[in-house]
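So you can see what is in the structure, the chains are spelled out below.
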Amino acid sequence: MTNKNNHADMANAIRFLSMDAVQKANSGHPGMPMGAADVATVLFTQFMNFDPKHPDWPNRDRFVLSAGHGSMLLYSLLYLLGYEDIDLKQIKNFRQLGSNTAGHPEYGHAAGIETTTGPLGQGLANAVGMAIAERKLNAEFGDGIVNHNTYCLVGDGCLMEGISQEAISLAGHLKLNKLIVLWDDNNISIDGPLSLSDSTDQSARFQASGWNTLQIDGHNPDEIAQALTSAKESDQPTMIACNTTIGFGSPNKAGTAGAHGAPMGEDEITLIRKGLGWDAKPFKIPEDVLDAWRIAGLNSCKERKAWEKRFDALELEKRGEFERRLRNEIPAKLDAEIQKLKKKLAKEQPKLATRQSSQAVLEVINGIVPETVGGSADLTGSNNTKTSQTEIFSAEDYSGRYIHYGIREHGMAAAMNGMALHGGLLPYSGGFLIFSDYCRPAIRLAALMGIRVVHVLTHDSIGLGEDGPTHQPVEHMASLRAIPNLMVFRPADTTETAECWQIALDARNTPSAIALTRQGLPSVRTEFSADNLCRSGAYELSPASADAQVTIFASGSEVSLALEAQAELEKDKIPTRVVSVPCFELFEEQSAGYQKSIIGETPVKIAIEAAIRQGWDRFIGNDGTFVGMNGFGASAPAGDLYNHFGITADALVQAAKKGLN
């Protein structure tokens, strides 16, 4: 155990690096790193398994800083422990353009940053996902290969966010005892004392959700160590309430909101240096203190080497499977099986709701890709996300591949991010498209981080019928399409659904949302194509009989309406082409020449989608005609709604003729 004097110096190294970096940047949050420095010092020097020289070691413990505004705590730790990506130059360039030390931790900027945090509560839910992944992979590969803890440092704000309840109740239900949450219990928020806005008994809340809870002095290294030891022995996830003082050491700002989100000030830092007996100049760590930290960074080197020996002793096939998963590679034989499925579909021409199409495709995928872990927010029968291969993942059996997330869309989406970040698993889940609003913050972070998760979003339009406008998405396709680095698919039939799934699985650095229908749809791809036509984002599904006068662009359930309208227009000697548009984002990745050829130069351009117009002017221009929604839906059978809102083949025919006159 680290002696108390040495501990104080090591903790103070975090404090002064943090306050000096914030002061130099004239921006940031020094109070949290100053208050949580003792907890972090004990955790990283005595309990966590990691190796700065091999930061991607698969069996390392994970640390998530859910209170991401305190990012200098993490950056200070990474520098002190010897992570190459965070050197003193990076510390000095805190919050500056191009530095690895962004205002909030960003995944991919530096080794040791396990996830992007900042939106409070997200990191806590990510940690739950990481703990799920650890248990799932442990059940598959054994204690010798996967057996580690996930630690998460949260603040009061994380626990006030609603996502926290979704996350902790799921973790408690699943008895994720390798998850340990450290609550920086400092009773301060930006506005002032926490009592202004909250009086929750957090320990009681966690206990009610199936957690083990402990309460300690967060500045007493012995209590911190005892609590962590106890937590590691629990058969439940553990929350340790660490009573701390924000801005610890500051004579005028400690314990106040003034320490939270602004530099301490040069004069105050001078007083803090004097009070804590820290004689070193800004950004200078005494040699003996830095040496102690660097030695702590080597603590797990032996364990990492022992793990490598165990891993090398695995059967060749099992070792190869583990390595393939960590590379995020999909089994090569999946492509051939998708081709077989497409040939079958071309022959049988099934009429299915695309949610059913998705289940049929998943039946193929899950039989070949063992790392997929599915789930649903209590809509399994509606989303069709469960297949014959996916047994239930539960506290009694962690080997399953299907998670019943309950009505916790936000927590589900964030947990999926954690699973993907952990590595070794490919998470997908199901929900209604309307409830993507509940998932949106986590979906956005997946896109920002560039991780592969797949959201199956069914009941994608007024076509869901009688449930009415509360459940009928109207603006949601445009809303999701607005998120950078998110592929949003809306397939028109089972073949397109298969192709969209294939693309989503191939995209290692991009999340996907697949919007699917409740109502049955005819097959629109009548002939087999070895090429994945959806990869282009938009393609000519049905050409005109002669030089086209009309182009109809459509997605999803409206593609069949476009084909009906084309048939009527061709009868009237109006050559018409139909373009299926399953993915806006992929279309934008195509060459300018391809885009120009697909948009074409017909005098009349029409787009149809049972949603709002936003985004479709890219295809039809400002003067093009849009057939779709311009308000909310209504409660009625789907067919009646399509007629009522004028989303019909006849409406397309009339619009085309009007445009030509």
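Residues numbered from 1 in each chain as written. Predicted model: local features only at pLDDT ≥ 70, side-chain atom pairs only at ≥ 80, totals over all residues. Heavy atoms only, no water.

Asker: Report on the overall build of the chain, specifying residues and quantitative values.
Answerer: Along the chain, the regular secondary structure elements total 26 helices and 20 strands. A compact globule built from 661 residues would reach a C-alpha radius of gyration of about 26 Å, and the chain, at 28 Å, matches this within 12%. Summarising its shape, the C-alpha atoms of the chain cover approximately 90 × 55 × 45 Å along the three principal directions. Counting only residues that meet the buried cut, the chain has 61% of its 661 residues in that class. Intrachain contacts of the chain at a sequence separation of at least 6 include 78% that bridge at least 24 residues. Of the roughly 24700 Å² that the chain leaves accessible, carbon and sulfur atoms contribute 48%. (Helix = DSSP H or I, 4+ residues; strand = E, 2+ residues; numbered from the N terminus. Rg over C-alpha atoms; globule rule 2.2 N^0.38 Å. Buried < 20%, exposed > 50% of the residue type's maximum accessible area, 1.4 Å probe, protein only. Contact = heavy atoms within 4.5 Å. Areas by Shrake-Rupley, 256 points an atom, 1.4 Å probe, with all protein chains shown as cover.)

Asker: For the layout of surface pockets, give the residues involved together with the corresponding values.
Answerer: Of the pockets and cavities examined, the largest pocket occupies roughly 620 Å³. Every residue lining the largest pocket is counted, 32 residues in all, and those nearest its centre are D56, R60, Y107, E114 and L421. Of all the secondary structure elements, the ones that give two or more residues to the lining of the largest pocket are β1 (62-65), α3 (71-81) and α17 (409-422). Across the lining of the largest pocket, the residue classes break down as 18 nonpolar, seven polar and seven charged. One number sums up the size of the second largest pocket: a volume of about 240 Å³. Lining the second largest pocket are 18 residues; nearest its centre among them are H69, L120, G157, I188 and H260. Among the elements of the structure, α6 (156-160) and β4 (188-189) are those that each provide at least two residues to the lining of the second largest pocket. Among the elements that make up the lining of the second largest pocket, the one with the highest residue count is α6 (four residues). For the lining of the second largest pocket, the class distribution of residues is eight nonpolar, eight polar and two charged. (1 Å grid on protein atoms, 1.4 Å probe; cavity = no way out; pocket = protein on both sides within 12 Å on 5 of 7 lines; lining within 4 Å. Points joined across faces, edges and corners; volume = space filled by probe spheres on them. Nonpolar A, V, L, I, M, F, W, Y, C, P; charged D, E, K, R; others polar.)

Asker: Help me get a handle on a negative patch on the surface, residues and values and all.
Answerer: Negative charge collects at one region of the surface, where D9, E287, D288 and D291 lie side by side. In terms of residue count, helix α11 (residues 287-297) provides more of the negative patch than any other element does, three residues in total. If you trace the backbone, D288 turns up in helix α11. (Patch = residues over 30% accessible without salt bridge, like charges linked within 9 Å, V, L, I, M, F, W, Y side chains within 5 Å. Salt bridge = Lys/Arg side-chain N within 4 Å of Asp/Glu carboxyl O. Lys, Arg positive; Asp, Glu negative; His and termini not counted. Charge placed at Lys NZ, Arg CZ, Asp CG, Glu CD.)

Asker: Outline the packing of aromatic side chains, supporting the account with residue identities and numerical values.
Answerer: Applying the stated criterion across every chain, the model contains 18 aromatic pairs. On the numbers, 5.1 Å between centres and 10° between planes, the contact of F16 with W278 is stacked. With F16 in helix α1 (residues 4-25) and W278 in the loop between α10 (266-276) and α11, the pair connects residues that are 262 residues apart, well separated along the chain. Residue classification places F16 among the buried positions, given a relative accessible area of 1%. For W278, a relative accessible area of 4% gives the class buried. Between the aromatic rings of Y75 and F94, the centroid separation amounts to 6.1 Å while the plane-to-plane angle is 65°, which identifies the pairing as edge-to-face. With Y75 in helix α3 and F94 in the loop between α4 (88-92) and α5 (122-141), this residue pair connects regions lying 19 residues apart in the sequence. (Phe/Tyr/Trp six-rings, centres within 6.5 Å; stacked < 30°, edge-to-face > 60°.)

Asker: Kindly report on α11, identifying the contributing residues and their values.
Answerer: Residues of α11 that are buried: V289, L290, A292, W293, A296 and G297. Axial view of α11: buried residues confined to an arc of 155°, hence all on one face. Of the exposed residues in α11, those oriented more than 90 degrees away from the buried face are E287, D288 and I295. (Arc of directions from axis to C-beta.)

Asker: Kindly report on the pattern of salt bridges, identifying the contributing residues and their values.
Answerer: The tally for this structure, following the rule as stated, stands at 26 salt bridges. Taking the shortest distance from any N to any O, the salt bridge between D38 and R15 comes out at 2.6 Å. Separated by 23 residues along the polypeptide, D38 in helix α2 (residues 31-47) and R15 in helix α1 bring together distant segments of the chain. R15 shares its class with D38; the two are buried.

Asker: Tell me about empty space enclosed by the protein, residues and numbers included.
Answerer: Enumeration over the complete set of coordinates arrives at four cavities of 30 Å³ or more. Approximately 40 Å³ is the volume found for the largest cavity. What lines the largest cavity is P58, N59, L137, I145, V146, H148, F322, L326 and H422. Class assignment of the residues belonging to the lining of the largest cavity gives a composition of six nonpolar, three polar and no charged.

Asker: Requested: an account of the environment of H219, with residues and values cited.
Answerer: Take H219: it is sitting in the loop between β6 (212-217) and α9 (221-232). Classification of H219 by relative accessible area gives buried; the value is 18%. Once residues lying within four places of it in the same chain are set aside, the contact partners of H219 are R15, G35, D38, N243, T244, T245 and F248. For H219, the side chain forms a polar contact with the main-chain nitrogen of T245, separated by 2.9 Å. (Polar contact = N/O pair within 3.5 Å; in protein donor to acceptor, adjacent residues only side chain to side chain.)

Asker: Hey, could you go over the nonpolar core for me, with residue numbers and the actual values?
Answerer: Core analysis: the largest hydrophobic core is formed by 134 residues, its most contacted members being L228 and W293. What W293 contacts, discounting residues up to four positions off in sequence, is M10, A13, I14, T41, F44, T45, L77, L80 and L81. (Core = buried A, V, L, I, M, F, W, Y, C linked by side-chain atoms within 4.5 Å.)

Asker: Tell me about the side chain of D51, and please be specific about residues and values.
Answerer: On the secondary structure map, D51 appears in the loop between α2 and β1. Among the polar contacts made by the side chain of D51, one reaches the main-chain amide nitrogen of K53 at a distance of 3.0 Å. Residues contacting D51, with those up to four places away along its chain left out, are W57, G297, C301 and R304.

Asker: Give a detailed account of the environment of D185, specifying residues and quantitative values.
Answerer: Structurally, D185 is set in strand β3 (residues 179-185). Looking at D185, the relative accessible area reads 12%, which means it is buried. In sequence terms D185 and T244 are 59 residues apart; their C-alpha atoms lie 5.8 Å from each other. Apart from the residues within four sequence positions on either side, D185 is in contact with D156, C242, N243 and T244.

Asker: Talk me through the side chain of E570; I want residue IDs and the actual numbers.
Answerer: With respect to the helices and strands, the residue E570 is situated in helix α21 (residues 559-571). Within the buried core, E570 has no salt-bridge partner, and the shortest N-O distance to an opposite charge, that of K573, equals 7.9 Å. Only 3.0 Å separates the side chain of E570 from the backbone nitrogen of T576, close enough to count as a polar contact. With near-sequence residues (within four places) excluded, E570 lies in contact with A544, S545, P575 and T576.

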